[in-house]
Amino acid sequence: MNESQYKVIIIGGGVVGLAVALEITRRFPRQRLLVLEKEDHVARHQSGHNSGVIHSGVYYKPGSLKARLCVAGAAAMVEFCREQGIPHQVCGKVIVATNEDELPRLAELHSRGLANGLTGLRLIGKEELHEIEPHAAGIQALVVPSTGITDYAVVCEKYAELIRAAGGSVLTSTPAMAIQRSSSQIVVETPRGSFQGLSLINCAGLFSDRISRMAGDQPSAMIVPFRGEYYDIVPKRASLVRALIYPVPDPRFPFLGVHFTRRISGKVDAGPNAIFALAREGYRHTDINLRDLASALAFPGLWRMGQQHWRMGLGEWHRSLSKSAFVHALQGLLPEIQEKDLVPGGSGVRAQALKPDGTLVDDFQFVPSGNVLHILNVPSPAATASLMIARTIIETAAAGLGLA
Ligand SMILES: Cc1cc2nc3c(=O)[nH]c(=O)nc-3n(C[C@H](O)[C@H](O)[C@H](O)COP(=O)(O)OP(=O)(O)OC[C@H]3O[C@@H](n4cnc5c(N)ncnc54)[C@H](O)[C@@H]3O)c2cc1C
């Protein structure tokens, strides 16, 4: 093999692409491996703009990939952070029902958690909630002790360091611009020249459907960007939240509802909401990308989703544009929180696959196509589950990718 020839090329230096690369270096230490990342650093998009929660797996449908890989992935993530000296904490969380209507859904979450094999779950009343989170309001809550927090940008840095130490290459500032493909060879064109691989893994997050098309495949869903915006609680009011306070989520959506998160840095934030972003990397209202917008508007699934969920969408936009509306929503969980306690925080953009019929793809989706594997839907809890996603992909796809 010459310098630009690799056994496997991975597009995307986020937590998923890097975890997959790390798994390959561990299982197949002698194979030449290349990760291509378009930004000047790893984890510049979803993996560096998230809530930093090590999810327990309580929410997901029993038997789904999300459920299985999150529960095992959370344990693997805690172990990885411990081994590598990455700051983390298993602080637990409470999911709080604030009215009678939410009680059946809270009970359903409890059952799901038990079915997914979580231990230590407890339904508690007002008094015990007050002992755990003295400022939270609710009539009942589910205690989830295995939830934790970390910083996934730091996790990604460590993944990249370990990949390089094992002889793999992680090239930043190297966007994949075109792909030529035959049954035995893949050529990826970049501004730094072309790289040849025997196989390709597409972990391009917000652009995974476009990379799939670049590789000559037709993805069955389109990636739609949903921005999540945060407010930070000012330091002198951060004591209102001890750990993590979540609402009971609306089961029609894959998002968890705005919540309070104590970060591993000690900072506390509120969010993220979920609004349709006008650019795939649209971190602010003013970020508009005409290509992204035109392709989304030309996709029938977007209009169908709009018809089904316009009321919810308008509510999210209203809370995004009006701080008082956002704070009002938060006061359901934390009545003492006031507008003056919050300052604008960061934002992240979720890559969510949407089907032509307007339904959001709920589970993780890995789509093999000959010597190419497309990772097409890995929204939350994929950062938590990254090590197990990688293990599963390599176990099931190693032969197809010519690794085994
Ligand atoms: C607001 C928010 C909160 C979240 N909270 C949590 C949480 O608390 N816990 C949790 O487990 N998960 C959470 N998630 C989900 C989690 O962050 C994602 O599931 C995960 O980061 C997805 O990783 P990824 O590698 O697929 O994507 P990304 O991190 O987006 O990586 C994809 C990479 O591909 C690169 N790329 C794209 N196109 C090209 C190209 N042509 N050439 C080269 N490189 C390219 C991009 O630059 C990017 O770095 C959250 C997500 C968001 C947005």
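Definitions and limits used
Residues numbered from 1 in each chain as written. Predicted model: local features only at pLDDT ≥ 70, side-chain atom pairs only at ≥ 80, totals over all residues. Heavy atoms only, no water. Core = buried A, V, L, I, M, F, W, Y, C linked by side-chain atoms within 4.5 Å. Buried < 20%, exposed > 50% of the residue type's maximum accessible area, 1.4 Å probe, protein only. Helix = DSSP H or I, 4+ residues; strand = E, 2+ residues; numbered from the N terminus. Contact = heavy atoms within 4.5 Å. Near = heavy atom within 4 Å. Polar contact = N/O pair within 3.5 Å; in protein donor to acceptor, adjacent residues only side chain to side chain. Areas by Shrake-Rupley, 256 points an atom, 1.4 Å probe, with all protein chains shown as cover. Nonpolar A, V, L, I, M, F, W, Y, C, P; charged D, E, K, R; others polar. Pairing = 2+ DSSP bridges.

Chemist: Account for the nonpolar core, with residues named and values stated.
Modeler: Core analysis: the largest hydrophobic core is formed by 50 residues, its most contacted members being Ile10, Ile24, Tyr159 and Ile201. Mapped by element, the contributors of at least two residues to this core are strand 1 (5–11), helix 1 (15–27), strand 2 (33–36), helix 2 (65–84), helix 5 (152–165), strand 20 (372–377) and helix 10 (382–397). Ranked by residues supplied to this core, first place goes to helix 10 with ten residues. When neighbours within four sequence positions are excluded, Ile24 is seen to be in contact with Val8, Ile10, Pro29, Leu33, Ile201, Ile394 and Leu403.

Chemist: How would you sum up the site of the ligand? Please name residues and give values.
Modeler: In the neighbourhood of the ligand, 38 residues make up the surrounding shell, with Glu37, Ser47, Ala176, Val378 and Thr384 lying closest. Within the backbone of Val378, a nitrogen or oxygen atom sits 2.7 Å from an oxygen atom of the ligand. One of the backbone N or O atoms of Ala383 is found 3.4 Å from an oxygen atom in the ligand. With the chains in place, 97% of the 1000 Å² that the ligand exposes on its own is no longer accessible. Secondary-structure elements contributing two or more residues to the shell around the ligand are helix 1, strand 18 (342–354) and helix 10. Broken down by class, the residue content of the shell around the ligand amounts to 18 nonpolar, 16 polar and four charged.

Chemist: Tell me about the sheet that holds strand 3 (residues 53–54), and name the residues and values.
Modeler: Spatially, three strands are ordered 3-8-4 in an open sheet, and the strand pairing comes out antiparallel. Each end of this open sheet is capped by a strand with a single partner; those strands are strand 3 and strand 4 (88–89). For strand 4 and strand 8 (residues 148–150), the ladder comprises two bridges, and the chain directions are antiparallel. Residue pairing across strands places Gln89 opposite Ile149, the latter belonging to strand 8.

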